[in-house]
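# Results of the structural survey
Below, each chain spelled out in residue letters.
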Amino acid sequence: MTELVTGTGEPTAADPTAAKQGAEPSVARVSQWADIRHRFFANKLAVVGLAIIVLLILTAVFAPLLAPHDPLRQDLNATLQSPGSGHLLGTDALGRDQLSRLIYGSRIAVIVGLASIFVALSIGIVLGALAGYFGRWVDTVIMRTADIFFAFPLLIGAIVIILLMGRGVLPVVLSLGVFQWATFARLLRSQILSVREMDFVHAAQALGASRSRIIRKHILPNSLTSVLVYGTSNVGIAIVAEASLSYLGVGVDPEVAEWGNMISAGRGFMGAKDFMWTYPSIAIVITALGFVLLGNGLRDALDPKLR
Amino acid sequence: MSRPPLSKQDEGDGMTSLDLVPTNAGVDATAPLLEVRDLHVEFKVRDAVTKAVNGVNYSVNAGETLAVLGESGSGKSVTAQAIMGILDSPPGRIAKGEIFFQGQDILSLSEKERRKLRGSKMAMIFQDALSSLNPVLSVGFQLGEMFRSHLGMSRKDAKAKAIELMDRVKIPAAAARVNDYPHQFSGGMRQRIMIAMALALEPDLIIADEPTTALDVTVQAQVMDLLAELQREYNMGLILITHDLGVVADVADKIAVMYAGRIVEHAPVHELYKRPAHPYTRGLLDSIPRLDHKGHELYAIKGLPPNLQQIPPGCAFNPRCSRAQDICLTEVPALAPVTERDGTELVGRGSACHFWKETLHG
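Rules behind the numbers
- Residues numbered from 1 in each chain as written.
- Chains lettered and ligands numbered in written order.
- Predicted model: local features only at pLDDT ≥ 70, side-chain atom pairs only at ≥ 80, totals over all residues.
- Helix = DSSP H or I, 4+ residues; strand = E, 2+ residues; numbered from the N terminus.
- Buried ≥ 20, exposed ≤ 12 C-beta atoms within 10 Å, placed from the backbone.
- Contact = placed C-beta atoms within 7 Å.
- Pairing = 2+ DSSP bridges.
- Axes fitted to C-alpha atoms, helices over the stretch in contact; angles between N-to-C directions.
- Nonpolar A, V, L, I, M, F, W, Y, C, P; charged D, E, K, R; others polar.
- Domains from an automatic or database assignment.
- Parallel < 35°, antiparallel > 145°, perpendicular 65-115°, else oblique.
- Core = buried A, V, L, I, M, F, W, Y, C linked by C-beta atoms within 7 Å.

In this section: the overall build of chain A. Tallying secondary structure elements over chain A gives 14 helices and 0 strands in all. Of the regular secondary structure in chain A, the N- to C-terminal order runs α-α-α-α-α-α-α-α-α-α-α-α-α-α. Looking at chain A residue by residue over its 307 residues, the buried ones come to 41%. Sequence separation of 24 or more characterises 69% of the internal contacts of chain A that already satisfy a separation of 6 or more.

Put into structure tokens, the structure is as follows:
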């Protein structure tokens, strides 16, 4: 076994390895990443989640190639057409092609979903790390601030900010980000509180590691995993929230091809033209599900002990 | 074998006027490597004060092994943390005392200066090597960190040094395993890696806090032998913290027995085994299972270690002691030298018992 590998292995490692390995044979030399990859792909639901997300992102990127029509072009001679040959998913009240709007809508979903979680994670990680590591009054100030943000329901808080900033993609991203950081900060803080009492942190201290080295190399890498996993799952929630804002008329501009807008446009035709709101609703559900499955899959793959 | 560019010779253990004096007095001429004087450590949580260490004195010379023996909560580990400067503070606090390392009062140093001592001059090995190693970093990286953070070595050089160290502590196929993670090693191998990390910069003092407690008996002996061998090779001072009398016998030069934050007896290792001078030590020795006593009930010291928030007045051991008299309930016995029946002093021995004579000779 070892002899077979020596040819391809590092030349320096090859010789002593072959000789000494008799003492401790058959140690599986699998890198940690290969291990994680293996566990992830062994999980069917995780793979489904990943497939949904990949499909979503491809759709968003190649929307101009995939969409049969211009999503904004109105054709007042062909309004409210049921799904059929000309328009696969029908048209809305202004004669815009529903399928094209659905495809372009994925762009807003992906951008707002990822960007708002990125904003939330950035704020949450910095503040959570400060609170967890320094404790005392820093902790108190940050965590009581987090409590205030917790007190606002996500949508109500976001609407306040959008009222101040005006509608548009950027205000939606910022408002959703600002009202979700507190969860991540809390999670990271609690992780850090437990990790910093772990033996290897004390050991690193006893061997002379500096404070910043301990934070960067020992505490953060061991605390961030669950925060990043939770962040992944939360992208789906952010997408639902974003669509809700648009549905309520405080999200992106109503002209824009966006799933919440589409449902809102179909609201007046419930019972008569159900295709108008069902397809965007299905898109939202599948997308949110995809991120949750991906997040769960990552969690199980990164830390099998958590299951 | 190339040595890191850290010369021990500059550290004031010679080259001064002391060298001119003929050192027939031995111990007196050169200060011990480490000397702990009247150390008190307490933990304050809300209103309660836990007195973990209550006046500990001990010293270790270069090349010498001091075993610190005691039950959980006897203050042996807390003393070590105070020496290393890694006491959890707050709530921990050194209430009183001094610690001299290579003649320097290290409690007066700044945190930054203390940190520079850690790893390069004094290092510590912990009980559970699996939890003492960072699970997300390869062992090679963690070993290399010692060279990178203390000596500013490049990543590549540090890795080469890591492999060299792994060879040093007899890890088979070091070059092939340098990128493995802690969980891929067996318990004994992990403890070897911890030892390698502690030894990386060839410190002058190593504190090993129950280094073999988490290991199988057969592996325990191997790891202890390795530690002892490396200690001789580098002429380091070693403080071996343990509650296992068996581990101590072969490697230690002298033993300090701790109870309730105090040293109750100290002695050269074999004398302590042969003739303990404190009832607590005697109890510990009697509670070792022995093959020739098969079938008999195993002796156990009755009672429990004291609550460190309410240490009993007088001798802390009095509630559990078979020799306890009235004086033991009121007067704290000092750690005093012990002598033979004819009055000749037993060098290096001391006992903190009002009735050491009866215990030793009786």
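What follows concerns the sheet that holds strand β6 (residues 122–125) of chain B. Residues and elements named next belong to chain B. One open sheet holds the 8 strands; their spatial order is β6-β7-β8-β3-β9-β10-β12-β11, and the pairing between them is mixed. If you trace the sheet from one side to the other, it starts and ends with β6 and β11 (336–339), each paired once. The sheet shows a mean angle of 25° between the axes of neighbouring strands, direction not considered. Bridge count between strand β9 (residues 254–259) and strand β10 (residues 262–268): 6 bridges; the pairing is antiparallel. Each bridged residue has a counterpart across the sheet, and for K254 the counterpart in β10 is P268.

The next thing to look at is the sheet that holds strand β1 (residues 34–45) of chain B. Residue and element names in this part refer to chain B. With respect to topology, 4 strands assemble into an open sheet ordered β2-β1-β4-β5, the strand pairing being antiparallel. Edge positions in the sheet fall to β2 (48–60) and β5 (104–105), since each of these pairs with one other strand and no more. Here β1 runs beside β2; their pairing, made up of 10 bridges, is antiparallel. Looking at the pairing, V36 lines up with Y58 of β2.

For the rest of this paragraph, the subject is the interface of chain B and chain A. On the chain A side, the residues contacting the 29 residues of chain B number 26 residues. Sorting the residues of the side of chain B that touches chain A by element identifies α2 (111–120), β6, α3 (129–132), α4 (139–151), α6 (174–177) and α7 (187–199) of chain B as the ones contributing at least two each. When residues in the side of chain B that touches chain A are grouped by element, the largest group, 5 residues, is from α2(B). Here the side of chain B that touches chain A is built from residues that sort into 17 nonpolar, 8 polar and 4 charged.

A separate point is the domain arrangement of chain B. Buried accessible area, meaning the area lost when the parts come together, often serves as the stated size of an interface. All names here are of chain B. For chain B, the domain assignment lists domain 1 (27–252) and domain 2 (278–361). Centre-to-centre separation of domain 1 and domain 2, based on C-alpha positions: 29 Å. Each partner contributes residues to the interface: domain 1 has 9 residues there, and domain 2 has 7 residues. At 5 residues, β2 tops the list of elements feeding residues into the side of domain 1 that touches domain 2. Taken together, the residues that form the side of domain 1 that touches domain 2 break down as 4 nonpolar, 3 polar and 2 charged.

Relative orientation and spacing of two packed helices are given, respectively, by the angle between their axes and the distance between those axes. Residues and elements named next belong to chain A. Packing of helix α12 (residues 211–247) against helix α14 (residues 275–302) brings their axes to within 8 Å, and their N-to-C directions diverge by 175°. The angle between α12 and α14 falls in the class roughly antiparallel. Listed contacts from α14 to T225, V229, Y230, T232, S233, V235, G236, I237, I239, V240 and A243 of α12 are I284, T287, A288, L289, F291, V292, L294, G295, N296, L298, R299 and L302. Taken together, the residues of the contact of α12 with α14 sort by class into 15 nonpolar, 7 polar and 1 charged.

What follows concerns the nonpolar core. Grouped together as the largest cluster of nonpolar side chains are 170 residues, with contacts concentrated most on B:A196, B:A198 and B:I207. No other element matches helix α6 (residues 98–134) of chain A, which puts 14 residues into this core. Viewed by domain, this core spans two of them, domain 1 (27–252) and domain 2 (278–361) of chain B, each represented by three or more residues.

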